Amino acid sequence: MAEKLEDLNLPLTVVTRIVKETLPDGVAISKEARTGLAKAASVFVLYVTSAATNIVKNNKRKALTGQDVLEAMADIEFDRFVEPLREALENYKQAVSAKKMASGKKKDDNDDVEMVEEDL
């Protein structure tokens, strides 16, 4: 668990980057607004985590999954975000799977090269 309350805050640089990517060109954001958004985002993450943890405990499990987060979002009445999050989770899983396959393929390719070299 976090030792200080500040340890629970999202990094200001990450929040700033997300906000700047979202704002239209020519729109600036004050430091005060960035700090407020970072704190609000941190509170939201803690709230969703708490709701998801309750789902995990009710199901007598120990590991929190992406599906638990989706259920928590529906439970806390953020239903309109569930489907976009579900799609993002699926895209993430596909990207991880593709990366693992590519990594495994590279390893296999390297093994083939080594075998050829050994035959010489």
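Check the entry above for the structure.
Residues numbered from 1 in each chain as written. Predicted model: local features only at pLDDT ≥ 70, side-chain atom pairs only at ≥ 80, totals over all residues. Heavy atoms only, no water.

### With respect to the overall build of the protein chain
Logical step 1: Counting its secondary structure elements, the protein chain contains four helices and zero strands.
Logical step 2: When its helices and strands are written in sequence order, the protein chain yields α-α-α-α.
Logical step 3: The burial tally for the protein chain puts 15% of its 120 residues in the buried class.
Logical step 4: If you sum the accessible surface of the protein chain, you get close to 9900 Å²; carbon and sulfur atoms cover 57% of it. (Helix = DSSP H or I, 4+ residues; strand = E, 2+ residues; numbered from the N terminus. Buried < 20%, exposed > 50% of the residue type's maximum accessible area, 1.4 Å probe, protein only. Areas by Shrake-Rupley, 256 points an atom, 1.4 Å probe, with all protein chains shown as cover.)

### A few points about the packing of helix α2 (residues 31-58) against helix α3 (residues 66-75)
Logical step 1: Axis separation between α2 and α3 bottoms out at 8 Å; the angle between their running directions is 110°. Viewed along their axes, α2 and α3 adopt a mutual orientation that is roughly perpendicular. Facing α2, whose interface residues are Phe44, Val48, Ala51, Ala52, Ile55 and Val56, α3 presents Asp68, Val69, Glu71, Ala72, Met73 and Asp75.
Logical step 2: When grouped by side-chain class, the residues that make up the contact of α2 with α3 number nine nonpolar, no polar and three charged. (Axes fitted to C-alpha atoms, helices over the stretch in contact; angles between N-to-C directions. Parallel < 35°, antiparallel > 145°, perpendicular 65-115°, else oblique. Contact = heavy atoms within 4.5 Å. Nonpolar A, V, L, I, M, F, W, Y, C, P; charged D, E, K, R; others polar.)

### Examining helix α1 (residues 12-22)
Counting along an α-helix, one turn takes 3.6 residues, and residues three or four places apart therefore face a common direction.
Logical step 1: Turning to α1, its buried residues number three or more, namely Val15, Thr16 and Val19. Across the axial projection of α1, the buried residues extend over an arc of 100°, all falling on one side. Exposed residues pointing more than 90 degrees away from the buried face of α1 are listed as Thr13 and Glu21.
Logical step 2: For α1, the secondary structure elements touched by its buried residues are α2. (Arc of directions from axis to C-beta.)

### Topic: the nonpolar core
Logical step 1: Counting nine residues, the largest nonpolar core is built from Val48, Ala51, Ala52, Ile55, Leu70, Ala72, Met73, Ile76 and Val82.
Logical step 2: Secondary structure elements with two or more residues in this core: α2 and α3.
Logical step 3: Here the element with the most residues in this core is α2; it accounts for four residues. (Core = buried A, V, L, I, M, F, W, Y, C linked by side-chain atoms within 4.5 Å.)

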